[in-house]
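A structural walkthrough
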Amino acid sequence: MTPTHSHLAWHETLELHELVASQSNALMKLKKAYPEIKDPVLKTHYKHMIHSLTQNIMELLQFYPLTPDANREEDDRMGEIMQGDEIRDDASAMAAGDLLGLAKSSVKNYATAITETATPSLRKVFKKQLNGAIDNHARIFNYLYERDLYPAYDFNQLLQNDVKTAKKALSQL
């Protein structure tokens with residue numbers, strides 16, 4: 001049976017959010033670093049990555065009007081989501097977002113490593129470090145949440161922030 005809904009499912013919307021948020025932040029960092037790259041081959045790699053991320057983000061943004069709304073099941077959400085070009089230019093928010101991404105990656109990497117480990121002493125160390133990565137993730141998430149930089153419990157605001165950040169990343173030179 002083929003789905004017939006006029007909107008994305010919640011779980012795929014969350015994956016969309018994760019990809020747009022992480023790629024937008026990465027694009028801003030690459031664009032900022034690009035002018036400083038002296039090696040021509042590395043500069044070409046940067047340019048290719050910038051182009052790839054730009055294309056990815058533009059393609060993914062097309063799905064935001066299809067995201068489910070916590071208050072209404074169906075409507076034209078592009079106007080609501082795309083309005084408001086203002087976004088905080090907050091270096092601390094971007095740095096904290098990087099830390100959150102690192103913590104999330106660390107949790108995933110340790111969890112995978114544990115499933116591949118046969119040596120009990122190594123598994124013990126991995127488990128200890130996994131718990132540390134989980135604690136780091138909680139600390140940085142709380143930092144962002146307490147400062148209204150990550151509206152985790154406001155689904156619509158979370159998606160609106162994604163679009164604003166993506167637009168900022170795409171508009172940077």
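Remember, predicted model here, so these are calculated numbers, not experimental data. (Residues numbered from 1 in each chain as written. Predicted model: local features only at pLDDT ≥ 70, side-chain atom pairs only at ≥ 80, totals over all residues. Heavy atoms only, no water.)

1. A word on the nonpolar core
The biggest cluster of nonpolar side chains holds 17 residues, and the ones touching the most others in it are Leu16, Val20, Leu27, Ile57, Leu61, Tyr64 and Ala166. Taken together, the elements giving at least two residues each to this core come down to helix H1 (10-33), helix H2 (40-61) and helix H6 (155-171). Apart from residues no more than four positions distant in its own chain, Val20 is found in contact with Leu60, Leu61, Tyr64, Asp162 and Ala166. One finds Ala96, Leu100, Ile140 and Leu144 within the second-largest nonpolar core, a separate group that totals seven residues. (Core = buried A, V, L, I, M, F, W, Y, C linked by side-chain atoms within 4.5 Å. Buried < 20%, exposed > 50% of the residue type's maximum accessible area, 1.4 Å probe, protein only. Helix = DSSP H or I, 4+ residues; strand = E, 2+ residues; numbered from the N terminus. Contact = heavy atoms within 4.5 Å.)

2. Remarks on the packing of aromatic side chains
Evaluation of the coordinates by the stated rule reveals five aromatic pairs. A centroid spacing of 5.6 Å and a plane angle of 80 degrees characterise the contact between Tyr145 and Tyr153, whose relative ring orientation is edge-to-face. Following the ring pairs from residue to residue traces out a cluster consisting of Phe141, Tyr145, Tyr150 and Tyr153. Seen from the ring of Tyr34, Lys43 lies directly overhead, with NZ or CZ sitting 4.2 Å from the centre. (Phe/Tyr/Trp six-rings, centres within 6.5 Å; stacked < 30°, edge-to-face > 60°. Lys NZ or Arg CZ within 6 Å of the ring centre and 35° of its normal.)

3. Description of the confidence of the model for the chain
Looking at the chain as a whole, the pLDDT averages 87, with 87% of positions reaching at least 70. Of all helices and strands in the chain, the one with the weakest mean pLDDT is helix H3 (residues 78-82) (48), whereas H2 scores best (96). Of the regions scoring below 50 in pLDDT, residues 80-87 engages in 18 contacts with residues more than four places distant in sequence or in other chains. (pLDDT = per-residue confidence, 0-100.)

4. As for helix H5 (residues 120-146)
Here H5 is 27 residues long and its end C-alpha atoms lie 39 Å apart, about the 39 Å a rise of 1.5 Å per residue gives. Inspection of H5 places Phe126, Leu130, Ala133, Ile140, Phe141 and Leu144 among the buried residues, and these make up the whole buried set. On its buried side, H5 packs onto helix H4 (91-115). With its phi angle positive at about 60 degrees, Asp148 sits one or two positions after the end of H5. (Expected span 1.5 Å × (residues − 1).)

5. Things to note about the packing of H1 against H6
Helix packing geometry: the angle between the two helix axes and the distance between the axes. Close contact between H1 and H6 brings their axes to 9 Å; oriented N to C, the two are set at 30 degrees. By the angle between their directions, the pair H1 and H6 is classed as roughly parallel. Seen along the crossing, H1 lies across H6 with a hand that is left-handed. Mapping the contact onto sequence places Trp10, Thr13, Leu14, His17, Val20, Ala21, Ser24, Asn25, Leu27, Met28 and Lys31 in H1 and Phe155, Leu158, Leu159, Asp162, Thr165, Ala166, Lys168, Ala169, Leu170 and Ser171 in H6. Its residues placed into classes, the contact of H1 with H6 shows 12 nonpolar, six polar and three charged. (Axes fitted to C-alpha atoms, helices over the stretch in contact; angles between N-to-C directions. Parallel < 35°, antiparallel > 145°, perpendicular 65-115°, else oblique. Left-handed = near helix turned anticlockwise from the far one by under 90°. Nonpolar A, V, L, I, M, F, W, Y, C, P; charged D, E, K, R; others polar.)

6. Looking at the environment of Tyr145
Secondary-structure assignment places Tyr145 in helix H5. The exposure class of Tyr145 is partly exposed, given its relative accessible area of 35%. Excluding residues within four positions of it along the chain, Tyr145 makes contact with Tyr150, Ala152 and Tyr153.

7. A word on the pattern of salt bridges
Per the counting criterion, the structure on display carries three salt bridges. Between Lys29 and Asp98 there is a salt bridge; the shortest N-O distance is 3.1 Å. Separated by 69 residues along the polypeptide, Lys29 in helix H1 and Asp98 in helix H4 bring together distant segments of the chain. The exposure class of Lys29 is partly exposed, given its relative accessible area of 39%. (Salt bridge = Lys/Arg side-chain N within 4 Å of Asp/Glu carboxyl O.)

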